[in-house]
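Now for the letters of each chain:
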Amino acid sequence: MMKLVTTLTLAAIVGQPVPVLANEFKPGDRVEGAQPFFMCGAREDLSSIRALERIGDKEAALKVGMQRCEPARPGNRFIVVRAQGDALCIRPDGDVFCLWAWQSSLQVTPSQ
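Being a predicted model, the structure only gives us computed values, none of them experimental. (Residues numbered from 1 in each chain as written. Predicted model: local features only at pLDDT ≥ 70, side-chain atom pairs only at ≥ 80, totals over all residues. Heavy atoms only, no water.)

## Here's the deal with the overall build of the chain
Consideration 1: For the chain, the count of helices and strands is 3 helices and 7 strands.
Consideration 2: Start at the N end of the chain and walk to the C end: the helices and strands fall as α-β-β-α-α-β-β-β-β-β.
Consideration 3: Looking at the 112 residues of the chain, the share that counts as buried comes to 29%.
Consideration 4: For the chain, restricting intrachain contacts to residue pairs at least 6 apart in sequence, the fraction spanning at least 24 positions comes to 64%.
Consideration 5: Here the chain displays about 7700 Å² of accessible surface, and carbon together with sulfur accounts for 58% of that area. (Helix = DSSP H or I, 4+ residues; strand = E, 2+ residues; numbered from the N terminus. Buried < 20%, exposed > 50% of the residue type's maximum accessible area, 1.4 Å probe, protein only. Contact = heavy atoms within 4.5 Å. Areas by Shrake-Rupley, 256 points an atom, 1.4 Å probe, with all protein chains shown as cover.)

So, in structure tokens, the structure goes:
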């Protein structure tokens with residue numbers, strides 16, 4: 001009986017999904033939005049938005065994001081095309097082009 005309980009416990013632990021740390025995303029990974037965020041065609045636009053937020057000009061950051069980027073919502077799903085530093089180039093299933101987003105805005109898509 002004890003062996004059965006131990007075996008089932010180990011099987012449950014092994015069966016748990018392993019969390020992916022931000023620096024472990026790789027091309028082909030499926031991710032989804034964890035919070036509202038912007039996806040930009042140029043990585044530099046993301047950096048501009050972050051710089052404006054750091055100096056406290058959230059209004060200008062929002063304006064830059066709305067003019068140069070596309071908004072995304074939590075739960076939107078994407079495929080990682082490229083990882084560079086703390087940003088990922090992601091695309092929705094079926095799209096050809098990817099857009100840049102911060103890794104902190106994304107999470108691994110839960111298995112179904």
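Here the narrative resumes.
## Focus: the packing of aromatic side chains
Consideration 1: Enumeration over the complete set of coordinates arrives at 1 aromatic pair.
Consideration 2: On the numbers, 6.1 Å between centres and 75 degrees between planes, the contact of phenylalanine 37 with phenylalanine 78 is edge-to-face. Taken as a pair, phenylalanine 37 in strand 2 (residues 37–40) and phenylalanine 78 in strand 4 (residues 77–84) lie far apart in primary sequence, 41 residues in all. The pair phenylalanine 37 / phenylalanine 78 is uniform in exposure class, with both members buried. (Phe/Tyr/Trp six-rings, centres within 6.5 Å; stacked < 30°, edge-to-face > 60°.)

## Considering helix 2 (residues 43–54)
Because each turn of an α-helix spans 3.6 residues, side chains separated by three or four positions end up pointing in the same direction.
Consideration 1: Compared with an ideal rise of 1.5 Å per residue, which puts 12 residues at 16 Å, helix 2 spans 17 Å between its outermost C-alpha atoms and is within 8% of the ideal.
Consideration 2: In the core, the buried residues of helix 2 are packed alongside strand 2, helix 3 (58–68), strand 3 (69–72), strand 5 (87–91) and strand 6 (99–102).
Consideration 3: Just past helix 2, the residue glycine 56 takes up positive phi, approximately 90 degrees. (Expected span 1.5 Å × (residues − 1).)

## Digging into the layout of surface pockets
Gaps left between atoms show up when a probe the size of a water molecule is rolled over them.
Consideration 1: Size it by volume and the largest pocket reaches roughly 230 Å³.
Consideration 2: Every residue lining the largest pocket is counted, 13 residues in all, and those nearest its centre are Pro36, Phe37, Phe38, Glu53 and Ser105.
Consideration 3: At the level of elements, strand 2, helix 2 and strand 3 are the ones that each hand at least two residues to the lining of the largest pocket.
Consideration 4: Take the lining of the largest pocket: its biggest share by element is 4 residues, from helix 2.
Consideration 5: Class assignment of the residues belonging to the lining of the largest pocket gives a composition of 8 nonpolar, 3 polar and 2 charged. (1 Å grid on protein atoms, 1.4 Å probe; cavity = no way out; pocket = protein on both sides within 12 Å on 5 of 7 lines; lining within 4 Å. Points joined across faces, edges and corners; volume = space filled by probe spheres on them. Nonpolar A, V, L, I, M, F, W, Y, C, P; charged D, E, K, R; others polar.)

## Some thoughts on the environment of alanine 60
Consideration 1: Note that alanine 60 resides in helix 3.
Consideration 2: Residue classification places alanine 60 among the partly exposed residues on the basis of a relative accessible area of 21%.
Consideration 3: Expressed as a C-alpha distance, the spacing of alanine 60 and serine 48, which sit 12 residues apart in the sequence, is 9.9 Å.

## Some details on the nonpolar core
Consideration 1: Grouped together as the largest cluster of nonpolar side chains are 12 residues: Phe25, Val31, Phe37, Met39, Ala72, Phe78, Val80, Leu88, Ile90, Leu99, Ala101 and Leu106.
Consideration 2: Secondary structure elements with two or more residues in this core: strand 2, strand 4, strand 5 and strand 6.
Consideration 3: Excluding its chain neighbours within four sequence positions, the residues that come into contact with leucine 88 are Phe25, Val80, Arg82, Ala83, Leu99, Trp100, Ala101, Gln103 and Leu106.
Consideration 4: By size, the runner-up hydrophobic cluster in this structure holds 11 residues, among which are Phe38, Leu46, Ile49 and Cys69. (Core = buried A, V, L, I, M, F, W, Y, C linked by side-chain atoms within 4.5 Å.)

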